[in-house]
Amino acid sequence: MPFSNSSDLSPSFILASIPGLEAAQAWMAIPLCSAYVLALTGNCAVLLVVRLEPSLHAPMYFFLCMLAAIDLALATATVPRILSFYWFDSREIGFGACLLQMFLIHTLSAVESTVLLAMAVDRYVAICHPLRHAAVLTNAATAKIGLLAVARGVLFFLPLPLLLLPLPFCGPRVLSHSFCLHQDVMNLACANTTPSVVYGLTAILLVMGLDAVLICLSYILILKAVLRLAAWRERLKVFSTCIAHICVVLAFYVPLIGLSVVHRFGKDLAPLVHIIMGNIYILVPAVLNPIIYGVRTKQIQRRILSLI
């Protein structure tokens with residue numbers, strides 16, 4: 001596809017194809033589509049089960065519903081566009097659509113990070129201050145935390161597309177992924193991107209970075225409280241209530257850190273590594289979260305089996 005060497009007012013970008021496997025992309029999309037269907041099914045099942053089961057109308061499960069809704073939105077904002085590229089060779093994405101997709105990906109990731117922090121605080125209060133748990137984390141407080149998480153994500157990451165909007169883009173505009181990310185789009189600009197680089201890094205550190213530190217701090221305090229218990233069996237029983245949340249945190253932050261490392265230090269890596277890491281970042285939390293909580297929560301298991 002030919003490209004102009006000069007910038008234009010409404011540039012378009014070319015999504016990255018799987019190098020050397022362009023002819024087999026239609027078949028390669030089948031696992032991606034299967035993972036997307038699994039993510040849709042699992043997260044919709046979580047939302048339905050919590051809605052129908054009165055015993056699950058508690059802050060921890062409301063936070064789980066927020067995670068399910070975020071994962072549904074994040075997967076739907078990216079995977080259908082990727083599948084249209086793989087199946088119908090629709091490689092070109094408009095500038096406005098790319099900025100919108102980029103904004104949704106980063107904002108929803110920030111909202112999910114905030115919800116994971118709220119779930120860590122929920123576990124801390126439930127274990128370290130059980131008598132105050134019902135008074136501190138009420139349903140109204142849970143709803144306010146959800147709204148605060150959305151507002152925080154929007155306020156921190158809305159400037160990202162606004163900073164890219166006036167930049168000129170010239171030459172080949174081929175992305176490193178099958179969807180739009182801030183770092184990827186920014187690197188294609190033929191102008192000074194220092195403000196965008198500084199703000200993007202600052203936003204990630206103040207949201208995801210700060211949340212990760214606070215989650216670690218919460219679990220340090222939880223671990224200290226658990227170790228004060230006399231019996232090992234009691235310690236394991238109390239700490240086992242945190243296992244599902246720890247797995248969900250790892251499913252979110254490990255792909256996020258891996259993708260950030262690839263962007264910052266992996267310029268010499270094969271293009272396939274960028275594509276695989278991007279797809280893992282989008283789909284792994286959405287697929288694993290409902291499975292993790294489905295395995296660890298007996299009420300969810302029983303309700304899903306009864307629905308089946």
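Residues numbered from 1 in each chain as written. Predicted model: local features only at pLDDT ≥ 70, side-chain atom pairs only at ≥ 80, totals over all residues. Heavy atoms only, no water.

Quick note on the threshold: UniProt positions are given in the numbering used here, feature names are shortened, and annotations may be inferred rather than shown by experiment.
An unreviewed UniProt entry lists the chain under the name Olfactory receptor, with Mystacornis crossleyi as the source organism. As stated in UniProt under Sequence similarities (unreviewed entry), the record for the chain gives "Belongs to the G-protein coupled receptor 1 family."

### A closer look at the packing of aromatic side chains
What counts, and what does not: By convention, a stacked pair of Phe, Tyr or Trp rings (six-membered ring in the case of Trp) has centres within 6.5 Å and planes under 30 degrees apart, an edge-to-face pair has planes over 60 apart, and any other such pair is tilted. Think of it this way: any DSSP run of H or I at least four residues long counts as a helix, any run of E at least two long counts as a strand, and we number them from the N terminus. Only when the NZ of Lys or the CZ of Arg is both within 6 Å of the ring centre and within 35 degrees of the ring normal is a charge said to sit over the ring.
Considering all chains together, one arrives at five aromatic pairs under this definition. Ring plane angle 90 degrees and centroid distance 5.3 Å describe the contact between Phe-13 and Phe-169, whose orientation is recorded as edge-to-face. With a gap of 156 residues between them, Phe-13 in strand S1 (residues 12-14) and Phe-169 in the loop between helix H6 (159-164) and helix H7 (182-186) connect regions that are remote in the sequence. Site record: aromatic cluster; members linked through ring pairs are Phe-13, Phe-95 and Phe-169. Lying across the ring of Trp-232, Arg-235 places its NZ or CZ 4.6 Å from the centre.

### Some words on the UniProt feature "transmembrane region" (unreviewed entry) in the chain
Cross-referencing UniProt, the feature "transmembrane region" (unreviewed entry) maps to residues 26-49, 61-83, 103-125, 145-169, 197-222, 243-266 and 272-295 in the present numbering. Measuring from the first to the last C-alpha atom of residues 197-222 gives 36 Å, for a span that is 100% helix and 0% strand. Split by type, residues 272-295 is 100% helix and 0% strand. Its first and last C-alpha atoms lie 33 Å apart.

### Side note on the pattern of salt bridges
Rule in force here: We count a salt bridge whenever a side-chain nitrogen from Lys or Arg sits within 4 Å of a carboxyl oxygen from Asp or Glu. The rule is simple: take the accessible area with a 1.4 Å probe, protein chains only, and divide by the maximum for that residue type; under 20% is buried, over 50% is exposed, in between is partly exposed.
Tallied over the entire structure, the rule returns two salt bridges. Arg-123 serves as the salt-bridge partner of Asp-122, at 3.1 Å between the closest nitrogen and oxygen. An identical accessibility class is assigned to Asp-122 and Arg-123; each is buried. The closest approach of N and O atoms between Asp-211 and Arg-152, which form a salt bridge, is 2.9 Å. Here Asp-211, found in helix H8 (residues 194-227), pairs with Arg-152, found in helix H5 (residues 139-157); they are 59 residues apart in sequence, far enough to count as distant. For Arg-152, a relative accessible area of 18% corresponds to the buried category.

### What about the confidence of the model for the chain?
Keep this limit in mind: Known as pLDDT, the predictor's per-residue confidence is scaled from 0 to 100. Note on definitions: a residue-residue contact is assigned when non-hydrogen atoms from the two residues lie within 4.5 Å.
The predicted model of the chain has a mean per-residue pLDDT of 87, with 94% of residues at 70 or higher. For the chain, the element scoring lowest by mean pLDDT is helix H12 (residues 298-307), at 78; H5 scores highest, at 95. Note on residues 1-7: pLDDT is under 50 here. Beyond four places in sequence and across chains, it has 18 contacts.

### Comments concerning the packing of helix H10 (residues 243-265) against helix H11 (residues 271-296)
Helix packing geometry: the angle between the two helix axes and the distance between the axes. Our working definition: Fitted lines through C-alpha atoms give the axes, limited to the stretch in contact for helices. The angle between two N-to-C directions lies from 0 to 180 degrees. Our angle categories are set so that under 35 degrees counts as roughly parallel, over 145 as roughly antiparallel, 65 to 115 as roughly perpendicular, and the remainder as oblique. Note that Gly is not counted as nonpolar here; it falls among the polar residues with everything else outside the nonpolar set of Ala, Val, Leu, Ile, Met, Phe, Trp, Tyr, Cys and Pro and the charged set of Asp, Glu, Lys and Arg.
Between H10 and H11, the shortest axis-to-axis distance is 9 Å and the interhelical angle comes to 175 degrees. With respect to H11, the element H10 is oriented roughly antiparallel. Among the residues making up the contact of H10 with H11, the classes are represented as 19 nonpolar, five polar and one charged.

### Focus on the state of the cysteines
This is how it is decided: Cysteine sulfur atoms that pair up within 2.5 Å are treated as a disulfide.
What the rule picks out here adds up to two disulfides. The disulfide partner of Cys-98 is Cys-180, and the S-S distance across this bridge is 2.0 Å. Classification of the bridge connecting Cys-98 and Cys-180 rests on its S-S torsion, roughly -120 degrees, and on that basis the disulfide is left-handed. Taken together, the residues span a long stretch of sequence, with Cys-98 in helix H3 (residues 95-128) and Cys-180 in the loop between H6 and H7 at a distance of 82 residues. Taken individually, Cys-98 and Cys-180 each receive the classification buried, so the pair is uniform in this respect. Across the disulfide, Cys-170 is cross-linked to Cys-190 (sulfur-sulfur distance 2.2 Å). Highlighted residues: Cys-170 in the loop between H6 and H7 and Cys-190 in the loop between H7 and H8, separated in sequence by 20 residues. For Cys-170, a relative accessible area of 25% corresponds to the partly exposed category. In the chain, the bonded cysteines, taken in the order they occur along the sequence, pair up as 1-3, 2-4. With no disulfide of its own, Cys-33 lies closest to Cys-44 among cysteine sulfurs, the gap being 15 Å.

### Some words on a nonpolar patch on the surface
The test is simple: Nonpolar side chains (Val, Leu, Ile, Met, Phe, Trp, Tyr) within 5 Å and like charges within 9 Å form the patches, drawn only from residues with over 30% relative accessible area and no salt bridge. To be clear on the numbers: accessible area is Shrake-Rupley with a 1.4 Å probe, and residue cover counts the displayed protein chains and nothing else.
A contiguous nonpolar patch, built from Leu-210, Leu-214, Leu-217, Ile-220 and Leu-221 and spanning about 390 Å² of accessible area, is present on the exposed surface. By secondary structure assignment, the location of Leu-210 is in helix H8. Exposure remark for Leu-210: the relative accessible area of 39% places this residue in the partly exposed category.

### A word on H3
Formally: Here the expected length of a helix is defined as 1.5 Å per residue gap, with one fewer gap than residues.
The end-to-end C-alpha separation of H3 is 49 Å, in line with the 50 Å expected for 34 residues at 1.5 Å each. For H3, the tally of buried residues reaches 26 of 34 residues, placing the bulk of the element in the interior.

### Some remarks on the side chain of Thr-142
Where we set the bar: In protein, a polar contact means a hydrogen-donor-capable atom and an acceptor-capable atom, both N or O and within 3.5 Å, with residues adjacent in sequence counting only if both atoms are side-chain atoms; elsewhere, any N or O pair within 3.5 Å suffices.
Along the chain, the position of Thr-142 falls in helix H5. Overall, Thr-142 belongs to the buried group, its relative accessible area being 1%. Within the local environment of Thr-142, its side chain forms a polar contact with the backbone oxygen of Thr-138, the two atoms lying 2.9 Å apart.

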